[in-house]
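The chain contents come next:
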Amino acid sequence: MTNIPNTRWHLPPSAPALCAFVAFVLLISPVAATLSLSDVSFTPNPPMVPAQAQHVSATIIIIPSGGTTFASGHEIQLLTNLEKGQWIIQVMVDGIPAARQTAQGNAAFINGEVLAYSTTRDVSIVIDVDGTVPADVGPKLMVIQAEELDNNGSIVPGSVITITQSTTVPVTTQAVPTVPPVTPARTTPPTPSPTKSPGFTLIGGLVALCIVPVIASAYHSREHNHR
């Protein structure tokens, strides 16, 4: 009977430490949260009027996708096409006001550290922005756009929320030139000239009139001679 040698696998001393490091990295790697629009209101009510002051309020709920409600190294960028934007941003935790900040202009940023909580907490953001509807606005205007930015400042795919509202500017469609229908020209074949059957012409008639008396005179002379 052949003896099968007892083979043992020996891991290098660094292997357990490497596995622990990989697990640690996986645990602390930031996972993008999900932004969900909960509520939005307009003052005054739409449609928006060019050159008129406008207030927009929106609530965004943060749905955790990792170990915390939001990756502390990420941030949320807010944008608006309202002119002279004035932002008031209120973070709510379990329905209680937490961090609050203000900003001016067309963009505002929320640091991820003020949104990172245990996943057992309910975190949301109440966004208020005041501004003026541009005088040259089109039929629609983007009033708020929220997007998550990763550690490199790139937009996290699927994290963009856009709020667009209609204005009093009518939708214009480019006029298409009307081309009148082309009626094919009807070509009428030329009417054939009536073909004259050969007959007596004027000269032929005169000659005939002259010949007849001559023939008649010759005939009478012939009859007279025979007598």
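Residues numbered from 1 in each chain as written. Predicted model: local features only at pLDDT ≥ 70, side-chain atom pairs only at ≥ 80, totals over all residues. Heavy atoms only, no water.

Concerning the nonpolar core
Right, on to step 1. Counting 32 residues, the largest nonpolar core has Ile62, Ile76, Leu78, Trp87, Leu115 and Ile125 as its most contacted members.
Right, on to step 2. If we ignore the near neighbours within four places in the chain, the residues touching isoleucine 76 are Leu35, Phe70, Ala108, Phe109, Ile110, Leu115, Ile125, Ala146 and Glu147. (Core = buried A, V, L, I, M, F, W, Y, C linked by side-chain atoms within 4.5 Å. Buried < 20%, exposed > 50% of the residue type's maximum accessible area, 1.4 Å probe, protein only. Contact = heavy atoms within 4.5 Å.)

Focus: the environment of alanine 98
Right, on to step 1. With respect to the element layout, alanine 98 can be found in strand S5 (residues 96–104).
Right, on to step 2. Along the backbone, alanine 98 and valine 123 are 25 residues apart, and their C-alpha atoms lie at a distance of 9.6 Å.
Right, on to step 3. Each residue touching alanine 98, except ones within four places of it in the same chain, is listed here: Gln90, Val91, Val93 and Tyr117. (Helix = DSSP H or I, 4+ residues; strand = E, 2+ residues; numbered from the N terminus.)

Observations regarding the pairing of strand S2 (residues 53–63)
Right, on to step 1. In the sheet, strand S1 (residues 34–43) pairs with S2 via nine bridges, with the strands oriented antiparallel. Across the sheet, the residue bridging to threonine 43 is histidine 55, located in S2.
Right, on to step 2. Bridging between S2 and strand S7 (residues 123–132) involves 10 bridges; their strand directions are antiparallel. Residue pairing for S7: threonine 59 is matched across the bridge by valine 126. (Pairing = 2+ DSSP bridges.)

Here's the deal with the sheet that holds strand S3 (residues 75–79)
Right, on to step 1. What the four strands build is an open sheet, ordered S6-S3-S8-S9; its pairing is antiparallel. At either margin of the open sheet sits one strand with a lone partner, and together these are strand S6 (107–111) and strand S9 (161–166). Taken over all neighbouring pairs, the strand axes of this sheet differ in orientation by 10° on average, direction set aside.
Right, on to step 2. For S3 and S6, the ladder comprises five bridges, and the chain directions are antiparallel. Note that in S6 the partner of glutamate 75 across the bridge is asparagine 111. (Axes fitted to C-alpha atoms, helices over the stretch in contact; angles between N-to-C directions.)

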